Amino acid sequence: MKKKEMIAMLLAGGQGKRLKGLTKSLAKPAVYFGGTYRIIDFPLSNCTNSGIDTVGVLTQYEPLVLHSYIGVGSDWDMDRKNGGVFVLPPHEREDGSSWYRGTADAISRNLKFIDQYDPEHLLVLSGDHVYKMDYTKLLDYHKEKGADCTISVINVTLEEAPSFGMINTHEDLKIYEFDEKPKQPKSTLASMGVYIFKWDVLRKYLTEDIDKPDSESSHDFGKDIVPKMLADELALYAYPFEGYWRDVGTIPSLWEANMDLLKDDPELNLNDPDWRIYTRNPNEPAQYVSPDAKLTNCMVNEGCSVYGEVDRSVLFYGVEVGEGSVISESVIMPEVKIGKNVRIHRAIVDQGKVIPDNTVIGEDREDPNEILLINGDSPF
């Protein structure tokens, strides 16, 4: 194999329990977003746009959809002779263990895959977030600092901080502490789940960690590897990211991130020709809007048929909206069939759901700010 300066490992095995029924039979990175995409399209497209042509995708929970969706990577221009995208599910070890035990363990189980490219640096990514980022700028910063590890960070509020791994730094952004989901945060710099490591340094720590019993290690970057590097006084730096980044790991945050796309000047511009987000084309016919339909501030994808009223909503491909129906402030996943005289307000409707005529969703809720999830477990 030809030597690579940097390859990427994309952690895509998360269950995403906080997304409730949306991830009942689907890994979190495969969840739909933005009318036409899945969440995993964002880190994969960032790699393509950053010139990173070798990506290992580490899957575990409900991997079937992700495996078939990614295929050979042609939709992201990664069907390469030297490199490409590779799906790497867990496999049985000599000791009989099979599942990835944590984020670091997932990388450790694939040392042979990484070693064949003999990279100088390893980019480790989470497949759970929506953002656009040029990883070459991160690599330049990493090399400029002479860092053993660089962690991309974003400013959050003190109220949000307990939900993240928080980074505490000196004035020169050298990290002195990694605080995983602290109850009393000392800073507002949150880890984005984007790391660059010197591969020879990280490899040493991974090989030490992999043989530790579960009672001594959770085999996780944030809980084990990074704190051990800090304890050994290695050079770890924070890279301040400026731009749109969202962890869409809950029903409210997924809904809000979709609504962000409908703003007059959205911070996450999906129409940027210089930084395209690539996805697999569903190959649906053009959408149809009847003469009596009314559309206001919404995204309507191909294959949709709209006979009713849609306001401030995102419709994925193949959605039908019947006559007299009113959809407002909602996210309608692919192939949903909405009958006549239906009213849906502030809800996410899961893929393939059929909503009968005259159904009312979300108008009589106790909490007006609640976002309802309508999926296979819903009573209609």
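As a reminder, the structure under discussion sits directly above these lines.
For every chain, the first residue of the written sequence is number 1, and numbering continues from 1 along that sequence. This being a predicted model, a pLDDT of at least 70 is required before a residue's local features are given, and a value of 80 or more before pairs of side-chain atoms are given or counted; all residues contribute to the totals for chains, interfaces and linings. With hydrogens and water excluded, all non-hydrogen atoms of the structure serve as input to the side-chain values.

Chemist: Hey, could you run me through the pattern of salt bridges in this one?
Modeler: A side chain of one charge can pair with a side chain of the opposite charge if their charged atoms are brought near each other. When a carboxyl oxygen of Asp or Glu lies within 4 Å of a side-chain nitrogen of Lys or Arg, that pair is called a salt bridge. Tallied over the entire structure, the rule returns 24 salt bridges. When the shortest N-O distance is used, the salt bridge between Glu5 and Lys143 registers 2.8 Å. One end of the pair, Glu5, is in the segment before strand E1 (6-11); the other, Lys143, is in helix H5 (residues 135-145), with 138 residues separating them in the sequence. Burial status follows relative accessibility: with a 1.4 Å probe on protein chains alone, a residue under 20% of its type maximum counts as buried, one over 50% as exposed, and anything between as partly exposed. Judged by relative accessible area, Lys143 falls into the partly exposed class, the value being 40%. A salt bridge links Arg101 to Asp214; the nearest nitrogen and oxygen atoms lie 3.1 Å apart. Taken as a pair, Arg101 in the loop between strand E5 (84-88) and helix H3 (103-108) and Asp214 in the loop between helix H6 (199-210) and helix H7 (221-231) lie far apart in primary sequence, 113 residues in all. In this structure Arg101 comes out as partly exposed when scored by relative accessible area, which is 28%. Where salt bridges share partners, they join Lys4, Asp53, Asp77 and Arg80 into one cluster. Secondary structure elements are taken from DSSP: a helix is a run of H or I of four residues or more, a strand is a run of E of two residues or more, and numbering for both begins at the N terminus.

Chemist: Help me out: how do you make sense of the packing of aromatic side chains in this one?
Modeler: Any pair of aromatic rings gets described here by the distance separating the centres and the angle formed by the planes. Each Phe, Tyr or Trp ring (for Trp, its six-membered ring) is paired with any other whose centre lies within 6.5 Å, and the angle between the two planes then decides the class: stacked below 30 degrees, edge-to-face above 60, tilted in between. For the structure shown, the criterion picks out 13 aromatic pairs. Measuring from ring centre to ring centre gives 5.7 Å for Phe33 and Phe42, while their planes differ by 75°; the resulting arrangement is edge-to-face. Comparing Phe33 with Phe42 shows no difference in burial state: the two are buried. Arranged with centres 5.4 Å apart and planes meeting at 70°, the rings of Tyr69 and Trp76 form a pair that is edge-to-face. Both residues of the pair, Tyr69 and Trp76, belong to the buried class. Lysine and arginine charges are scored as sitting over a ring when NZ or CZ, respectively, is within 6 Å of the ring centre and within 35 degrees of the ring normal. Cation over ring: Lys204 sits above Tyr205, and NZ or CZ is 4.7 Å from the ring centre. The lysine or arginine in question, Arg246, covers the ring of Tyr244, its NZ or CZ lying 4.2 Å from the ring centre.

Chemist: How should I be thinking about the sheet that holds strand E22 (residues 331-332) in this particular structure?
Modeler: Strand pairing in a sheet is mediated by backbone hydrogen bonds. Such pairs are either parallel or antiparallel. Spatial ordering of the open sheet is given by E16-E19-E22-E25-E28, a layout of five strands whose pairing is parallel. Either end of the sheet is taken by a strand with one partner, and the two such strands are strand E16 (299-300) and strand E28 (372-374). Paired strands, as defined in this entry, are two strands with at least two bridges between them according to DSSP. Pairing between strand E19 (residues 314-315) and E22: two bridges, direction parallel. Within E22, the position partnered with Val314 by the bridge is Val331.

Chemist: Help me understand the sheet that holds strand E23 (residues 337-338) in this model?
Modeler: Strand order in this open sheet of five strands is E14-E17-E20-E23-E26, and the pairing throughout is parallel. Whereas interior strands pair on both sides, the edge strands pair on one side only; in this sheet they are strand E14 (288-289) and strand E26 (354-355). As defined by bridge partners, strand E17 (residues 305-306) adjoins strand E20 (residues 320-321) across two bridges and the pair is classed as parallel. Of the residues in E20, the one forming a bridge with Ser305 is Glu320.

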